[in-house]
Structures are given as C-alpha cells and as structure tokens.
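Close look at the chain arrangement
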Amino acid sequence: MPERIETESRKLLGRLRKALATSSEGQDRLDKVVNIIALSMQTEVCSIYLFRDEDTLELCATEGLKPEAVHQTRMKLGEGLVGRTARTRRVVNTADAPNAKGFRYMPETGEERYSSFCGVPVQRLGDALGVLVVQSKAAREFSPDEIYALEIVAMVLAEMTELGAFVGEGAALSARHTQPVMFKGSIAQEGASEGQVFLHEPRVVVTNPISDDPDVELQRLRDAVDTLRVGLDDLLSDNKNTDSEQKKVFEAYRMFANSRSWLARMEADVENGLSAEAAVEKEQSLFRARLSQSGDAYMRERMSDLDDLSNRLLRILTGQGSDAADMPENPILVARNIGPGELLEYGKALKGIVLEDGSVGSHATIVARAWAIPLVINAKGISREALNGDTILVDGEQGIAHLRPDETVQGAFRDKIAMLTRAQERYTSIRDQPAQTKDGVKLSLQMNAGLIADLPSLEGSGAEGVGLFRTELQFLVRNQMPRRAELSALYSRVLTAAKGQRVAFRTLDIGSDKVLSYMKPNDEPNPAMGWRAIRVGLDKPGVLRMQLQALIRAANGGPLSVMFPFIAQYDEFRAAKAEMDKAMDRERKLGHPLPSDLKVGAMLETPSLGFAPDAFFKEVDFVSVGGNDLKQFFFAADRENERVRKRYDTLNPAFLQFLCNIVDRCNANGTPISFCGEDAGRPVEALVLAAMGFRSLSMRPASIGPVKHLLRRVDLSEVRSVIDASIAAGDQSVRRAVADWLVYQV
Ligand code: PEP
Ligand code: MG
C-alpha cells in the first residue's frame, strides 16, 4: 500500500470524524459525509443510498446530484448500477456508466451527465446496509487505491448506520433495532411466552469505528491476535481435546490465526484510520460476502473457520460475548439455527425459542417440544434485527414472534397466555382419568423422554411410563463419551422415577442431525439415510455393548425394556438381539443380577420393516413406530426440510393405509405395537392413529393432557367411519373431514 494513499485515507477519516463529532443530527451528518468525500476524492458526485426496507434502496444524501432527489429516488435491489452493487455486494467500477450493464436512467437526479461510476457496498457482517457511490464527468476508472479508501469509508458508514447515527428528523430513515417488528414464521411448538431476547450469536457492537491513534490501535490488534493464538495453543495442548478431528479443526484455526496476510490486511486497515474492531469486521464482512457466493464446500468451510476466528477476535477486543451466565431473566433464544447439543447446553431455563431456519422434524425441535418451550421457526431476518435484551413475545400457537411489541400487542398477548394457562388447568384435572373413548376403547398414553430433567413430568403429566427414552440425548449434552458406570447410574434413576412403570430405552441413535462433538463426523451426502443408529451400533459395537451392560445393571434384577433404532431388516434385529444375548451372558458370568423380565423391541422407521417376514414379528417382543423417520422415508421428504416436509400430510390415506397394515401384521402375530413419533402428541393425529388401531401412543409430556382430553370426548368407531368415507371420496388427506366432524362433537 503506497504511503500517500494511507495518509489520504487516514486524513479523510480524520475529517469525517471531526465533522461527525460536531453534528448530532442524522441528515446533517450524512450531508457532511458526502460533501467531505467528494472534496477529498475530487469527484463531482458522492451519494449514499441506504436500505429503506429489505429490497428498496433510497438516496439519502448527495453532493452533486439534484438535492430534490434526496429521499425521493428509490430503486429495487438489483436495479440500476446502485442496485447491482448492493445485490452482488461487490464494487462496480466503470468509466462508461450509461453503457454499463444494468444502468438505469433516473431523470430526477440529472446523473446522465456523469460518465464514471464507482459503487461500493456498505455492509456489515454480511448484512447489506447500502451503497456508497462516487461519480465524475471525466471518463475514467477509479484506481485500486481510491477504491480501497472508499471501502474504508464504507466500513465506517456501516458501523455508524448500525449505531443509528444517521437517523433523526429529516433523515426519513428509522433507527435500526428500535421499531416493533413482527416475524411470521412456522409453528414448531405451541405455547406462548414473553421475555427478553438472548442471542445465540450476539452481535458485537463497535462504538468507535475510526481510530484516534493508529499506533495504539495497532498494538490493541496485535495484542488481541496474540491472545487468540495463545488460546488456540492451549486448546491444542489440552489433553481433553484428544479427538483427532477436533484437533484438525483447531489446527486449521491456528494456521489462519498465524496467517500473515490476514493480519497484514487488518494492520493496513488500521494504518488507514480504522479502529482495531472495525478492521476485524471489515475483513469478516469480506469473507461473509464471499462465503454467501461460494459454491465450493471446502472453501465455504475454510471461510466459516475464518468467520469464527474473527468472532473470537472481536470478543477479545470488545469484551462482549455469549455466555449462558449472561442470560436475561426470561430468556427467549434467538438464533439462525441451533443443534440439539447446543440447545441442551442452554437447558430448560429458556422461555421460548425463535429460529430463522430450523425445522419441525429436527432434533433441536424435538428437545424444545419435550420441554414444552414455545418454538417458532422460519422467522426470516430475526437474528439480524434482534438485540440482546429486546422484549419479545413468542406465539407458538400461530408461529409468530413480536419483537419490541407495542402496548396493544403486549396486552392482547397476555390475555392469550392467561387463556392457555386455563386450558392447562383443565388438562391437569383429568390427569388421573383413563384415556378412554366414549365407546370404551382404552389407550395407553406414555411419554417420550431423554434427560433427567424430564423425569418430574412422569408424575405431572399422568403418563403411563416412558414409551421412548432417547438415550442419545445424554451423549449429546457431554463433550466426551459417558462411562458405563455413569450411564448405569442414570438409567437406574430413570427406572426409580418410573416407579415400576415401563420404560422403553432406545439404544444410541446417532448420525443424521445428531452429531457427537467427540466422535468423528461422517462426511456423507445423505446423513439421514447414511451410517446412523443401529448401523453404527452393529459395525462398531463397543458403545452398544457398553450401553447394554449399563442397562442390565441399572435394571438390577427388575424388568427391562430395550429397543433398537432404525431397524430396516430382520437380520439387523437378529444381530442386535445377539448383542443383547451376549451382554446378558457376560453379566451372568460376572455374577450381576439379570432382569426379571427382558423385552427386546425394534423401532419401525423405514417402510421396509413393515414388509418384514412374519418370523420377525414373532421374534420381536414389541414394535415401536418411529413416525418421524418413517414418514420421511415413506414420502421421500426430508423431515428437516420445511419446503418438502409440509407437502405431505401424516393424515394422507396412503400413509394411513400403510400404518394400518403394520398394525394388522402386529396383531396377527401377537406383537405389541405403539407409535412414538411426534405425531402421537398432536391431538387430531393421535385420534386418527387410535382409529387406525394403535392402542399405545408415546408423546412429549405436555401433549398427554390435550390428547387425552380429545380422546375422552369421541366415539372411535364414528371417527373410523369418517376416515373411511374421506378415503373413499378420494381426499388427499382425511384431516379436513375429521376436523369438520370434530366441530360438532364439542
Ligand atoms: C422417530 O423417528 O419417529 C423417532 C421417534 O425417533 P427420532 O425422532 O429420535 O429420530
Ligand atoms: Mg427416528
């Protein structure tokens, strides 16, 4: 970088800082900025366009274009050269603007007289905020040094826009992060709650993007990078992190942290007038922009490593960070997405969750549902808009989140919470009543569990035991493989809490979206259909054996129920059962008491098992239908992909027919059968499952009340007639027919 430009750029920032300090009014600040840039860069025009809404840019200040055009001229994202700069997030630099691709003539600005155009995106951490433009009459391309200076200024503009420095009367732009915003997402877990935003990845606020003293800033930057490097060295030398994959990640991080070019670019930015934080963010913004455009998986991974490193560096520099200890009083977690392990780390303290992505079928959703934490998914843009501590209302009934709500919305929402509480009280009143329909059909309603924290629900919900204990959740909450003794103690606590009621322990179901940090992740194109669950258990039986031993010991001579996940063919069940037999043998030889009654079941989660030979149904002690997986494979629709998941209703006649066949086969062979997918906990679905012949359903504890309440009010044979009529009429789903019929039952 030539010395002259460094000084020019710093001088320019120095002037900007002075001008901004003498002004407190948003529009005035913007006007001064464009004036100073035009003067310093000797261009006839300098303009700033900022986003008015998600896809409209507005001319907010100009030096050189007609002043009347300010706040009048607007363009859509991608429209004209300004819109193109914003959409591509890349510099557009041309000597012949009127003939450049995408040029749009805007008579109100008088800009056709200008030949050269240079647009620089104003962006912050991948978030496009606007465009900074310089234009001149002379036909020339702007030099790399000039563009660099503009990028530095754009970075400062981005930080100031984020801080709300350009809002105020006349500016016609409202401050960011202050207005009420409603996000319409999708329903993932019902319920309603009010609380404060707790960001999974908090935004670091940079209050001073321009440095006072480059030497001081350079030292701060270098010190922070040193701290970062030492931290990574410690991580690498820590004996606890022995997993070779994890080591590889840390090594890659260390390589980046030691990269001269990364540091050199940031140092140059600081020498050119940015503060250390702003320099880190400038680099990070560039990565993010590239990341969003790169189709190469390897490059994306490397760039996301760099993104993470930049975050660490920013936290070191600002002292701001995400820590569960910083949770506000009624924390509502807001995140782009979250894995089940991370969610388990935050624990049950959360009052609500709002995700930008997420899916109804994911295990993070299942954890939230198990804890009855209202969850809204697909709330696009919320992680950019929300700030830590903002008031937020989560309406899980409608799949809506109200951020910074006004008083009217808040009032109506509190009425809703009161109404839901009253409904809950109604369910509590039938807790000890049987789940018996009007025509005398009795169902067994059990609960799904996986954590010690779930155990109190056994008592509170009225569940008749645990129909599915997801043992992998215990593995997900740790950062190393649990030991046999620990597991055995834990399973024994579960059995004690169940007070003699049945608990169906499912052996480890990892793979797909359940990834253990301490196990080498598999690079598979289709993890949901890949090496997961019992496939891992049979190929690498060490953990399975340890788990089976722990279960036998936990039973301590009492009854024990164990089921294997994801059995796709008879042979897999036989092999898994053989492991169980061996474990029993081993325990017998060691002199440990054996279970008084051992039941070994299989989860039916792939259509293939529904067609298994009779011998399978005769041999297996019980079958539990894992509807979440079964449905995704039946319709070939990823349970985590909202777009395809929603196309196929569980109450589709083809799926119901298939479930009915499974029930028939089990009945014909005398095999007990139950259903433990999420659908069992949805009242209408549960009703239809009962009508199709299921007599045992396992669901999240909070669903037991609503499901029982509905079952007790209906005549099951009438439900079946309604379903049969709907199927005969060729309906794509029996939902409408059942729902219409239900209206007259209450
Ligand atoms: C299922 O697939 O329905 C099931 C209960 O298992 P999981 O959701 O844990 O995959
Ligand atoms: Mg499953």
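Owing to the predicted nature of the structure, the values given are computational and were not obtained by experimental measurement. (Residues numbered from 1 in each chain as written. Chains lettered and ligands numbered in written order. Predicted model: local features only at pLDDT ≥ 70, side-chain atom pairs only at ≥ 80, totals over all residues. Heavy atoms only, no water.)

A word on unusual backbone geometry
What counts, and what does not: Elements are defined by DSSP. Helices are runs of H or I of four residues or more, strands are runs of E of two residues or more, and each kind is numbered from the N terminus.
Phi angles above zero are rare outside glycine, and Ala372 is one such case at about 55 degrees. Within the secondary structure, Ala372 sits in the loop between α11 (363-370) and β12 (375-377). A positive phi angle, near 60 degrees, is found at Asn378, a position not held by glycine.

Considerations on the packing of aromatic side chains
Rules: Pairing of aromatic side chains here covers Phe, Tyr and the six-membered ring of Trp, requires ring centres within 6.5 Å, and sorts the geometry by plane angle: under 30 degrees stacked, over 60 edge-to-face, intermediate tilted. Burial classification: accessible surface area is computed with a 1.4 Å probe over protein chains only, and a residue below 20% of its type maximum counts as buried, one above 50% as exposed, and the rest as partly exposed. Only when the NZ atom of a Lys or the CZ atom of an Arg is both within 6 Å of the ring centre and within 35 degrees of the ring normal do we say a charge sits over the ring.
A complete count under the given rule lists 15 aromatic pairs for this structure. Here Phe573 and Phe616 contribute two aromatic rings whose centre-to-centre distance is 5.7 Å and whose plane-to-plane angle is 85 degrees, an arrangement assigned as edge-to-face. Here Phe573 is found in helix α19 (residues 570-589), whereas its partner Phe616 is found in helix α21 (residues 614-619), with 43 residues between them in sequence. The same class applies to Phe573 and to Phe616, which are both buried. Through pairs of rings, three or more aromatic residues link up here, namely Phe611, Phe634, Phe635, Tyr648, Phe655 and Phe658. When the ring centre of Phe566 is taken as reference, the NZ or CZ atom of Arg532 above it lies at 4.1 Å. Between Arg574 and the ring centre of Tyr570, over which it is positioned, the NZ or CZ distance is 4.1 Å.

Structural notes on the coordination of the magnesium ion (ligand 2)
Definition in use: Note that water is not among the atoms considered, so a metal site may appear incomplete; the donors listed are N, O and S atoms within 2.8 Å of the metal, with 3.2 Å applied to Na, K and Ca.
Within the protein, the atoms that donate to the magnesium ion (ligand 2) are Glu605 (OE) and Asp629 (OD), at distances of 2.0 to 2.1 Å. With a gap of 24 residues between them, Glu605 in the loop between β20 (598-604) and α20 (607-610) and Asp629 in helix α22 (residues 627-634) connect regions that are remote in the sequence. Neither Glu605 nor Asp629 differs from the other in exposure class; each is buried.

Quick word on the pattern of salt bridges
Let me state the cut-off plainly: Each reported salt bridge corresponds to a side-chain nitrogen of Lys or Arg within 4 Å of a carboxyl oxygen of Asp or Glu.
Under the definition given, this model contains 43 salt bridges. The residue Glu194 makes a salt bridge to Arg414 at a minimum N-O spacing of 2.7 Å. A residue pair is termed long-range when its members are at least 10 positions apart, and Glu194 in strand β9 (residues 192-199) and Arg414 in helix α13 (residues 407-429) qualify at 220 residues. Residue Arg414 is classed as partly exposed on the basis of its relative accessible area, which comes to 46%.

Some thoughts on the nonpolar core
In plain terms, the rule: In plain words, nonpolar cores are sets of buried Ala, Val, Leu, Ile, Met, Phe, Trp, Tyr and Cys residues tied together by side-chain atoms within 4.5 Å. The split into domains, and so the bounds of each, comes from an automatic or database assignment of domains. Here, residues are in contact when the closest pair of their heavy atoms is within 4.5 Å.
In terms of nonpolar packing, the biggest core is built from 114 residues, with Tyr491, Phe616 and Leu697 touching the most fellow members. Each of domain 2 (181-200 + 329-420) and domain 4 (441-745) contributes no fewer than three residues to this core. In contact with Phe616, not counting residues within four places along its chain, are Tyr570, Phe573, Ala602, Leu609 and Val623.

Some words on the pairing of strand β21 (residues 622-625)
Note the cut-off: By the convention used here, strands pair only if DSSP detects at least 2 bridges between them.
The two faces of β21 match: Phe622 and Ser624 on one face and Val623 and Val625 on the other face are all buried. With four bridges joining them, β20 and β21 adopt parallel strand pairing. Paired with Gly601 across the bridge in β21 is Phe622. With three bridges joining them, β21 and strand β22 (residues 673-675) adopt parallel strand pairing. Bridging across to β22, Val625 finds its partner in Phe675.

Here we look at the site of ligand 1
Selection criterion: Working definition: residue near molecule or strand if any one of its non-hydrogen atoms lies within 4 Å of it. Pairs of N or O atoms within 3.5 Å make up the polar contacts considered here, provided that, within protein, one atom can donate a hydrogen while the other can accept it, and that residues adjacent in sequence are counted only when both atoms are side-chain atoms. In this classification, Asp, Glu, Lys and Arg are treated as charged, Ala, Val, Leu, Ile, Met, Phe, Trp, Tyr, Cys and Pro as nonpolar, and every other residue, Gly included, as polar.
Taken together, 16 residues are adjacent to ligand 1, and Arg470, Arg506, Gly626, Asn628 and Arg639 come closest. Separating an oxygen atom of ligand 1 from a side-chain N or O atom of Arg470 is a distance of 2.8 Å. Between ligand 1 and Arg639, the relevant distance is 2.9 Å, taken from an oxygen atom to a side-chain nitrogen or oxygen of the residue. Residue assignment for the shell around ligand 1 shows that the elements contributing at least two residues are α11, β17 (466-470) and α22. It is α22 that provides the largest number of residues to the shell around ligand 1, a total of three residues. Taken together, the residues of the shell around ligand 1 break down into four nonpolar, five polar and seven charged.

Re the pairing of strand β10 (residues 331-335)
Look at any regular strand and the pattern is simple: side chains alternate between the two faces of the sheet. Definition in use: Seen with its strands pointing away from the viewer, a crossover is right-handed if its path from the first strand over the helix to the second goes clockwise.
Most of β10 is tucked away, with five of its five residues classed as buried. Residues Pro331, Leu333 and Ala335 point to one face of β10 and Ile332 and Val334 to the other, with burial holding for every one of them. As paired elements, β10 and strand β11 (residues 352-355) share four bridges and run parallel to each other. When the bridges of β11 are listed, Ile332 appears paired with Gly352. The parallel pair β10 and β11, bridged by helix α10 (residues 340-346), forms a crossover whose chirality is right-handed.

Notes on the sheet that holds strand β6 (residues 127-136)
Cut-off, in case you're wondering: Fitting a line to C-alpha atoms yields each axis, with helices limited to the stretch in contact; the angle taken between N-to-C directions then spans 0 to 180 degrees.
Spatial strand order, β3-β2-β1-β6-β5-β4: six strands in an open sheet with antiparallel pairing. In this open sheet, the two edge strands, each paired with only one partner strand, are β3 (74-76) and β4 (92-94). Pairs of neighbouring strands in the sheet enclose a mean axial angle of 25 degrees, with direction left out of account. Of the pairings in the sheet, the one linking strand β1 (residues 45-53) to β6 comprises six bridges and is antiparallel in character. Of the residues in β6, the one forming a bridge with Tyr49 is Val131. The strands that helix α2 (residues 26-41) touches are β1, β2 (56-63) and β6; relative to β2, the one it contacts most, it runs at about 65 degrees.

Some words on α2
Quick note on the threshold: Expected span, for any helix, means 1.5 Å times one less than how many residues it has.
End to end, α2 covers 23 Å across 16 residues, agreeing with the expected 22 Å (1.5 Å per residue, within 8%). Buried within α2 are the following residues: Gly26, Gln27, Arg29, Leu30, Val33, Val34, Ile36, Ile37, Ala38 and Met41. Where α2 ends, the next residue or the one after it, Gln42, has phi of about 50 degrees, a positive value.

Topic: the packing of helix α25 (residues 683-691) against helix α28 (residues 735-743)
Here is the rule: Reported orientations rely on four angle classes, namely roughly parallel under 35 degrees, roughly antiparallel over 145, roughly perpendicular from 65 to 115, and oblique for the rest.
Where α25 meets α28, the axes come as close as 11 Å, and the angle between the chain directions of the two elements is 100 degrees. When the axis of α25 is compared with that of α28, the two are roughly perpendicular. Contacts between α25 and α28 involve Val684, Glu685, Leu687 and Val688 from the first element and Arg735, Val738 and Leu742 from the second. When its residues are assigned to classes, the contact of α25 with α28 shows five nonpolar, no polar and two charged.

Considering the packing of helix α27 (residues 716-728) against α28
Stated formally: The hand of a helix crossing depends on one turn: near helix anticlockwise from the far one by less than a right angle means left-handed, and clockwise means right-handed.
Between α27 and α28, the least distance of the axes is 9 Å, while the angle of their chain directions is 140 degrees. Here α27 lies oblique to α28, going by the angle between them. Handedness of the crossing formed by α27 with α28: right-handed. Contact residues: Glu718, Val719, Val722, Ile723 and Ser726 in α27; Ala737, Val738 and Trp741 in α28. Of the residues contributing to the contact of α27 with α28, the split by class is six nonpolar, one polar and one charged.

Quick notes on the side chain of Asn378
Note on placement: Asn378 falls in the loop between β12 and α12 (382-385). Here Ser186 takes part through its side chain, which lies 3.1 Å from a polar atom of the side chain of Asn378. The contacts of Asn378, once residues within four sequence positions are left out, are Lys184, Gly185, Ser186, Leu355, Glu356, Asp357, Gly358 and Glu642.

Examining the confidence of the model for the chain
Counted only if it meets this: The pLDDT value tells you how sure the predictor is about a given residue, anywhere from 0 up to 100.
Scored by pLDDT, the chain has a mean of 88; 92% of the residues are at 70 or more. Overall, residues 1-6 carries pLDDT values under 50, and its contacts beyond four positions in sequence, including any with other chains, amount to nine contacts.

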